[in-house]
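# Observations on the three-dimensional arrangement
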Amino acid sequence: MGKIFKDDVSVLVNEEPIGNEFHLYECGYEECRPTKPYEFIPIDYWVIHYCIAGEGFFQILDKQNHIHPGDLFMIPPHTRNKYYPDSENPWSYRWIGLRGTNVKKVLEKCGLSPEHYVIHHKVDPQLESLFEKVYDHFQKDHELQALGSAYHLLDYISNNVRNAQLDHLTPGEQYFHSVLNYIHKNYFNNITISDIAAANNIDRTYVFKLFQKYMDISPSQYVQHYRLDKACVLLRKSSMSITDIGYAVGFQHSPYFTKLFTQYMGVTPSEYRKEFMQFGGDEQ
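Everything in this summary refers to the structure shown in the same document. Note that the coordinates shown come from a computational prediction; the quantities given were computed from them, not determined experimentally.

Looking now at the overall build of the chain. Secondary structure summary: the chain contains 10 helices and 10 strands in total. Taken over C-alpha atoms, the radius of gyration comes to 20 Å for the chain, in line with the 19 Å a tight globule of 284 residues would show. Dimensions of the chain along its principal axes, counting C-alpha atoms only, are 55 × 45 × 35 Å. Within the chain, the proportion of its 284 residues that are buried is 47%. Counting only contacts in the chain whose residues sit at least 6 apart along the sequence, the fraction spanning at least 24 positions is 70%. Surface summary for the chain: the accessible area is close to 14700 Å², and the carbon and sulfur share equals 49%. When the 27 basic and 35 acidic side-chain charges of the chain are each reduced to a single mean position, those positions are 6 Å apart.

The structure is reproduced here in structure tokens:
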């Protein structure tokens, strides 16, 4: 296969936002060579990658994803991550970087959130073309056109890529998607497996089977991990006390919350908070 891009890599940056709500901070592309895995320093903005060719691996919060052509993956601000090309078939990708108070809400409409980092998709020439338009306008200093193209790109992901993904779910995947939605909306309450099953009109045993099949963990473990991930966000971005954060994410006893958090993250909640103070507050 010939070269995909004129150069192996190109990165464009705009340090002067038009507004604080939505800023196209960065865009670029890279045609990678095989490299050893290494961890990237957390950044203070959102980045969305689109894999054009080849394969690679993306790891975030200790979960590794195998990325193929057509897949999208997102890195939220202040989040430890690792991604690297497959040694036998190194990937090429485009990306955009976003800052602003409305970015999180916009990305959630695209199916991308701090809980869902990857969208597995097919090779999509239209999607690639939209990434390319953002880059071309950016490179020519057509800032408003680049911003408009970024919105067009995200609208396409929201209304075409995301819907195509949901339309092709199997019945089991649809149930699992529904179960996850229930947990995400109710994690701060004292929910049980029976509550989850009843809300989705399925048996408790089936809930266990779904989690075993799709995540290889129990539903209780998933709820616990989800709560702890939410606690991480509150520790980074809020001034709430550690006790209040534990209650806010669904733990009924503060010592138990601290114990679980320390086991999960390898540091205490207070140590975790101090670690991220140097980065400042999260952008939403």
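The structure having been displayed, the exposition proceeds.
Turning our eyes to something else, we now look at the packing of aromatic side chains. Counted by the stated rule, this structure contains 24 aromatic pairs. A centroid spacing of 5.1 Å and a plane angle of 25° characterise the contact between Phe 176 and Tyr 214, whose relative ring orientation is stacked. Residue Phe 176 is found in helix 4 (residues 171-186), and its partner Tyr 214 is found in helix 6 (residues 204-214); the two are separated by 38 residues along the sequence. Owing to a relative accessible area of 9%, Phe 176 belongs among the buried residues under this scheme. Put simply, the rings of Phe 176, Tyr 187, Phe 188, Phe 211, Tyr 214, Tyr 222 and Tyr 226 pair up and form one aromatic cluster. If you follow Arg 99 out to its NZ or CZ, it ends over the ring of Tyr 25, 4.0 Å from the centre. Cation over ring: Arg 227 sits above Phe 251, and NZ or CZ is 5.9 Å from the ring centre.

Time to look at a nonpolar patch on the surface. On the surface, Val 9, Val 11 and Val 13 cluster together into a nonpolar patch covering about 230 Å² of accessible area. Mapped onto the elements of the fold, Val 9 is located in strand 1 (residues 9-13). With relative accessibility at 43%, the residue Val 9 sits in the partly exposed group.

Moving on, we get to the pairing of strand 4 (residues 46-53). Counting buried positions along strand 4 yields eight of eight residues, so the element is predominantly enclosed. Summarising the sheet, strand 4 and strand 9 (residues 92-99) pair through seven bridges and their orientation is antiparallel. The residue of strand 9 that forms the bridge with Val 47 is Gly 97.

A word on the sheet that holds strand 7 (residues 72-75). Strand order across the open sheet formed by six strands is 1-2-9-4-7-10, with antiparallel pairing between neighbours. The outermost strands of the open sheet, each flanked by one partner alone, are strand 1 and strand 10 (118-119).

Phi is positive for Asn 201, which is not a glycine, with a value near 55°. Positionally, Asn 201 belongs in the loop between helix 5 (193-199) and helix 6. Given the relative accessible area of 71%, Asn 201 is considered exposed. Even without a glycine there, the phi angle at Asp 216 is positive, about 60°.

Further remarks concern a negative patch on the surface. Together, Glu 15, Glu 16, Asp 141 and Glu 143 make up a region of like negative charge exposed at the surface. Tracing the backbone through its elements, the reader meets Glu 143 in helix 3 (residues 143-167). Glu 143 sits in the partly exposed class, given a relative accessible area of 33%.

Reading the values: the criteria
Here, residues in each chain are numbered from 1, in the same order as that chain's written sequence. Residues qualify for local features only when their pLDDT is at least 70, as the model is predicted, and side-chain atom pairs are given and counted only at 80 or more; totals for whole chains, interfaces and linings, by contrast, use all residues. To obtain the side-chain values, all non-hydrogen atoms of the structure were used and water was disregarded. Only runs of H or I of at least four residues qualify as helices and only runs of E of at least two qualify as strands under DSSP, and these elements are numbered from the N terminus. Throughout, the radius of gyration refers to the C-alpha atoms, and the reference size of a globule is 2.2 Å times the residue count to the power 0.38. A 1.4 Å probe rolled over the protein chains alone gives each residue an accessible area, and that area as a share of the maximum for its type sets the label: buried under 20%, exposed over 50%, partly exposed in between. The criterion used for residue contact is that any of the two residues' heavy atoms lie within 4.5 Å. Each accessible area value is a Shrake-Rupley result obtained with a 1.4 Å probe; residue values ignore everything except the protein chains displayed when judging cover. Asp and Glu are treated as the negative residues and Lys and Arg as the positive ones, with His and the ends of the chain left uncounted. In plain terms, the charge of a residue is placed at NZ if it is Lys, CZ if Arg, CG if Asp and CD if Glu. For Phe, Tyr and Trp, rings pair up if their centres lie within 6.5 Å, where Trp contributes its six-membered ring, and each pair is then called stacked (planes under 30 degrees apart), edge-to-face (over 60) or tilted (otherwise). For a ring to carry a charge above it, either NZ of a lysine or CZ of an arginine must fall within 6 Å of the ring centroid while also lying within 35 degrees of the normal to the ring plane. Within the patch definition used here, like charges are joined within 9 Å and nonpolar side chains (Val, Leu, Ile, Met, Phe, Trp, Tyr) within 5 Å, considering only residues with over 30% relative accessible area and no salt bridge. Note on definitions: salt bridges are taken to be side-chain nitrogens of Lys or Arg within 4 Å of carboxyl oxygens of Asp or Glu. Two strands qualify as a pair provided DSSP detects at least 2 bridges between them.

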